[in-house]
Amino acid sequence: MTGYPVADATGFIKLDAMENPFTLPEALAAQLGERLARVALNRYPAPRPAALIEKLKRVMGVPDGCGVLLGNGSDEIISMIAVACAKPGAKLLAPVPGFVMYQMSAKLAQIEFVGVPHRPDLTLDTEAMLAAIAEHQPAVVYLAYPNNPTGTLYPAEDMERIIEAARQSLVVIDEAYQPFAQRSWLPRALDFDNIVVMRTVSKLGLAGIRLGYLAGAPAWLDELDKVRPPYNVNVLTQAAAEFLLDHVDDVLEAQAAGLRAERTLLADAIAALPGAAVFPSAGNFLLVRVPDADALFETLLTARILIKNVSKIHPLLANCVRLTVGTPDENAQMLAALKLVLK
Ligand SMILES: Cc1ncc(COP(=O)(O)O)c(C=O)c1O
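Residues numbered from 1 in each chain as written. Predicted model: local features only at pLDDT ≥ 70, side-chain atom pairs only at ≥ 80, totals over all residues. Heavy atoms only, no water.

Novice: I would appreciate a short explanation of the pattern of salt bridges in the present structure.
Specialist: Opposite charge on two side chains permits pairing when their charged atoms draw close. Within this structure, the stated rule accounts for 16 salt bridges. Across the pair Glu-160 and Arg-188 runs a salt bridge, and its minimum N-O distance is 2.9 Å. One end of the pair, Glu-160, is in helix 6 (residues 156–165); the other, Arg-188, is in the loop between helix 7 (178–181) and strand 7 (195–200), with 28 residues separating them in the sequence. Exposure remark for Glu-160: the relative accessible area of 29% places this residue in the partly exposed category. The partner of Glu-164 in a salt bridge is Arg-167, with the nearest N and O atoms 3.3 Å apart. Since its relative accessible area comes to 44%, Glu-164 is described here as partly exposed. Three or more residues joined by partner-sharing salt bridges are found here, namely Lys-14, Asp-16 and Glu-19. (Salt bridge = Lys/Arg side-chain N within 4 Å of Asp/Glu carboxyl O. Helix = DSSP H or I, 4+ residues; strand = E, 2+ residues; numbered from the N terminus. Buried < 20%, exposed > 50% of the residue type's maximum accessible area, 1.4 Å probe, protein only.)

Novice: What is the right way to read the site of the ligand from this model?
Specialist: Close to the ligand lie 13 residues, the nearest being Ser-74, Asp-174, Tyr-177, Thr-200 and Ser-202. Contacts to the ligand include Asp-75, whose backbone N or O atom sits 3.0 Å from an oxygen atom. Thr-200 has a polar side-chain atom sitting 2.6 Å from an oxygen atom of the ligand. In isolation the ligand exposes 400 Å². Once the protein is present, 93% of that is buried. Going through the elements one at a time, helix 3 (73–84) and helix 8 (202–206) are the ones with two or more residues in the shell around the ligand. Class assignment of the residues belonging to the shell around the ligand gives a composition of 4 nonpolar, 5 polar and 4 charged. (Near = heavy atom within 4 Å. Polar contact = N/O pair within 3.5 Å; in protein donor to acceptor, adjacent residues only side chain to side chain. Areas by Shrake-Rupley, 256 points an atom, 1.4 Å probe, with all protein chains shown as cover. Nonpolar A, V, L, I, M, F, W, Y, C, P; charged D, E, K, R; others polar.)

Novice: For this particular structure, what's the right way to read the packing of helix 5 (residues 126–136) against helix 6?
Specialist: Packed helices, taken two at a time, are described by the angle between their axes plus the distance between the axes. Where helix 5 contacts helix 6, the two axes come as close as 10 Å, and the packing angle between them is 5 degrees. As the angle between them shows, helix 5 and helix 6 are arranged roughly parallel. Facing helix 5, whose interface residues are Thr-126, Glu-127, Met-129, Leu-130 and Ile-133, helix 6 presents Asp-158, Arg-161, Ile-162 and Ala-165. Considering only residue class, the contact of helix 5 with helix 6 consists of 5 nonpolar, 1 polar and 3 charged. (Axes fitted to C-alpha atoms, helices over the stretch in contact; angles between N-to-C directions. Parallel < 35°, antiparallel > 145°, perpendicular 65-115°, else oblique. Contact = heavy atoms within 4.5 Å.)

Novice: What am I meant to see in the packing of aromatic side chains here?
Specialist: Two aromatic rings, taken as a pair, are described by how far apart their centres are and by the angle between their planes. Going through the model one piece at a time under the given rule, you end up with 6 aromatic pairs. Centre to centre, the rings of Tyr-145 and Trp-185 are 6.2 Å apart; their planes meet at 80 degrees, and the pair counts as edge-to-face. Taken together, the positions of Tyr-145 in the loop between strand 5 (140–144) and helix 6 and Trp-185 in the loop between helix 7 and strand 7 put the pair 40 residues apart, joining distant regions of the chain. Overall, Trp-185 belongs to the buried group, its relative accessible area being 2%. Chaining the aromatic ring pairs together yields one cluster made of Phe-99, Tyr-102 and Tyr-142. Positioned above the aromatic ring of Phe-12, the side-chain terminus of Arg-304 is 4.1 Å from the ring centre. (Phe/Tyr/Trp six-rings, centres within 6.5 Å; stacked < 30°, edge-to-face > 60°. Lys NZ or Arg CZ within 6 Å of the ring centre and 35° of its normal.)

Novice: Just checking my understanding: could you explain the sheet that holds strand 13 (residues 320–324) for this structure?
Specialist: Within a sheet, adjacent strands bond to each other through the backbone by hydrogen bonds, running parallel or antiparallel. One open sheet accounts for 4 strands, arranged 9-10-13-12; its pairing is antiparallel. Every other strand in the sheet has two partners, leaving strand 9 (277–278) and strand 12 (308–309) as the edge strands with one partner each. Here strand 9 runs beside strand 10 (residues 285–289); their pairing, made up of 2 bridges, is antiparallel. Pairing of Val-278 across the sheet is with Val-288, part of strand 10. (Pairing = 2+ DSSP bridges.)

These figures capture arrangement, not role.
In structure tokens form, the structure reads like this:
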């Protein structure tokens, strides 16, 4: 195995990790600093911080009756799910190419990962999913809504068929990119007894604080809570989140709206370049197929722009790169560099 690769981005325009490129307004950052200075660093954090969870439920629209489990990023929740379900013979199933941590969590928990390939156009192969669920009876099914790295937002009817077919499984709907998809299963989290909805504040502009959350029936969350490391969400993260949840609409959601508009502009501009095929994306990134992904990646590196070359991750991604939507200026620079190759 190799560890999770994170490229050194010092001195680069960083468009490889689907971060929000905007920082907090200065006045708000100063207020946050004051708030954090008062945090009791000498004490362990609250293991299940009630006030933060209540605020999160209210601000994010978690339905009444749902529990919320917090994680050190949704990455940690993904690990907890694999550990909690790791009985001998258990399997974890997801469409591929998908988020690498699903497969990684299965490997680390020593359970089998079943990857179900998308169709060649990177849409969901629902029939293949249903067949694989019937064959493997997985303990866990992941559906990322939208999917990374493809950006695909699966049709609701197909998701429903999979949820119905996976009655013996826990279906985790991963909504990491919800701020850019603006569609959500969260309001329906209690409509099915085998789903939970996973979210993160990372893509909303707070990747650095590491806070993910899982919403669903308390019966599921109580089981998963048994494998949660105690004190997994630190005091600074809790305080920052509590403070910033009061500024989702005026700051973070406003930034996401700007990125959604930029996504459209960027997609149209890239689609107009010779040889580029842009896949429809509901995330803050674009998957683009080009004639030579390696050459394009190298040219952008020379221009000090870091993107993700995903072409070797899965055969369906041959010659594909994933570009995070950045600030208007960053996008303009990326576009200029793309034009050096795609002409
Ligand atoms: C689909 C998906 N889920 C989860 C995550 C992890 O998010 P977090 O920063 O909360 O660990 C990512 C990160 O890129 C992602 O793409």
